[in-house]
Amino acid sequence: MSDNKIETQCTNTSDCINLFNAPRNLFDRIAIGSFSAICFAATAALTLIICAATFFRYVVQGDLYGYEEWVKILAFWLYFLGAAIGAYNRTHVSADLVNAYLSYGTFKNSLIFLRNSITVGVCLLFVWYGWEFFMFGYAGPLGTGIAIPKTTVWRIPFWVGYLSVFLGLAFMAYYFMRDLIQSARALFRRAR
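Report follows, based on the coordinates. (Residues numbered from 1 in each chain as written. Predicted model: local features only at pLDDT ≥ 70, side-chain atom pairs only at ≥ 80, totals over all residues. Heavy atoms only, no water.)

### Re helix 6 (residues 106-139)
Inference 1: For helix 6, with 34 residues, the first-to-last C-alpha span of 48 Å sits near the 50 Å given by 1.5 Å per residue.
Inference 2: Residue Gly 140 follows helix 6 closely and has a positive phi angle near 85°. (Helix = DSSP H or I, 4+ residues; strand = E, 2+ residues; numbered from the N terminus. Expected span 1.5 Å × (residues − 1).)

As C-alpha cells, then:
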C-alpha cells in the first residue's frame, strides 16, 4: 500500500470496513461498478455450470458436453477483473515488510516508491504481453483475421477470454500508477 496511514487506521473490523469506500470519480464508478457486476455474474454462472455438470455426471450418469469452455472463459473474466478491483482497493496479497517494520521517514517512503516503480514496470510489461495475446486471438496467427482460433465445441473465439487478460492488466497498471504517483508525492514532499 502506498498510503502509509492506511495501516494505522485499521485497528478493528469496523475501521477496516471503512477502507473500501465507493469510488469517488465517475471513471472509477463506471469501471469498478462494471467489473463488480461482471464478477458477480461470472461467479453465479460458474456456480450454476459446475453444479449442473456435477448433477449430470453423478445423478444422470451423463456428460454436460463442452461446459469446460464456458468455465475457462468465465474464470478468466472473474480472475482478471477481480485483480483490477483488488488493485483499485489496494488489497492484493503481498509480503510487504516495509510497512510492518520501518518507521515513517524518507527511507521508508523511498522503499515504497521503489516497490511501486517495480510493480508498475512489471505490470506494464504484462499489459504489452496481454495486448499481444489479445491481438493473436482477434486477428489470428497470421494477423489477417483468417483462421481465428476458436474453442472446439461451442466455437467461441479465443479473443473473448484473452480480452479479459488485457483489460484486467491494463486497469491494474492504471491503479498501480495511481499508487506510484501517491508514493512519489509522499517521498518528495517529505524530502524537502
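### Here we look at a nonpolar patch on the surface
Inference 1: Judged by side-chain polarity, Leu 114, Ile 118, Val 122, Leu 125, Phe 126, Trp 128, Tyr 129 and Trp 131 come together as a nonpolar surface patch covering roughly 820 Å² of accessible area.
Inference 2: Here Val 122 shows up in helix 6. (Patch = residues over 30% accessible without salt bridge, like charges linked within 9 Å, V, L, I, M, F, W, Y side chains within 5 Å. Areas by Shrake-Rupley, 256 points an atom, 1.4 Å probe, with all protein chains shown as cover. Salt bridge = Lys/Arg side-chain N within 4 Å of Asp/Glu carboxyl O.)

### Here we look at the side chain of Ser 183
Inference 1: Mapped onto the elements, Ser 183 comes out in helix 7 (residues 159-191).
Inference 2: What makes Ser 183 buried here is its relative accessible area of 2%.
Inference 3: Among the polar contacts listed, one links the side chain of Ser 183 to the side chain of Asn 116, at a separation of 3.2 Å. (Buried < 20%, exposed > 50% of the residue type's maximum accessible area, 1.4 Å probe, protein only. Polar contact = N/O pair within 3.5 Å; in protein donor to acceptor, adjacent residues only side chain to side chain.)

### Examining the packing of aromatic side chains
Inference 1: All chains considered together, the criterion is met by 18 aromatic pairs.
Inference 2: Centre to centre, the rings of Trp 70 and Trp 154 are 6.0 Å apart; their planes meet at 70°, and the pair counts as edge-to-face. Here Trp 70 is found in helix 4 (residues 67-89), whereas its partner Trp 154 is found in the loop between helix 6 and helix 7, with 84 residues between them in sequence.
Inference 3: Residue Trp 154 is classed as partly exposed on the basis of its relative accessible area, which comes to 48%.
Inference 4: Judged by centre distance (5.6 Å) and plane angle (80°), the ring pair of Tyr 138 and Trp 159 falls under edge-to-face. With a gap of 21 residues between them, Tyr 138 in helix 6 and Trp 159 in helix 7 connect regions that are remote in the sequence.
Inference 5: Owing to a relative accessible area of 45%, Tyr 138 belongs among the partly exposed residues under this scheme.
Inference 6: Since its relative accessible area comes to 27%, Trp 159 is described here as partly exposed. (Phe/Tyr/Trp six-rings, centres within 6.5 Å; stacked < 30°, edge-to-face > 60°.)

### Quick word on the environment of Gly 66
Inference 1: Among the structural elements, Gly 66 can be located in the loop between helix 3 (26-58) and helix 4.
Inference 2: We classify Gly 66 as buried; its relative accessible area is 4%.
Inference 3: Along the chain, Gly 66 and Thr 151 lie 85 residues apart, while their C-alpha atoms are 9.2 Å from each other.
Inference 4: Leaving out residues up to four positions away in the same chain, Gly 66 has contacts with Val 153 and Trp 154. (Contact = heavy atoms within 4.5 Å.)

### Things to note about unusual backbone geometry
Inference 1: The backbone of Gln 61 shows a phi angle near 60°, a positive value even though the residue is not glycine.
Inference 2: Position of Gln 61 relative to the elements: it lies in the loop between helix 3 and helix 4.
Inference 3: Even without being a glycine, Arg 155 presents a positive backbone phi close to 60°.
Inference 4: Relative to the elements of secondary structure, Arg 155 occurs in the loop between helix 6 and helix 7.

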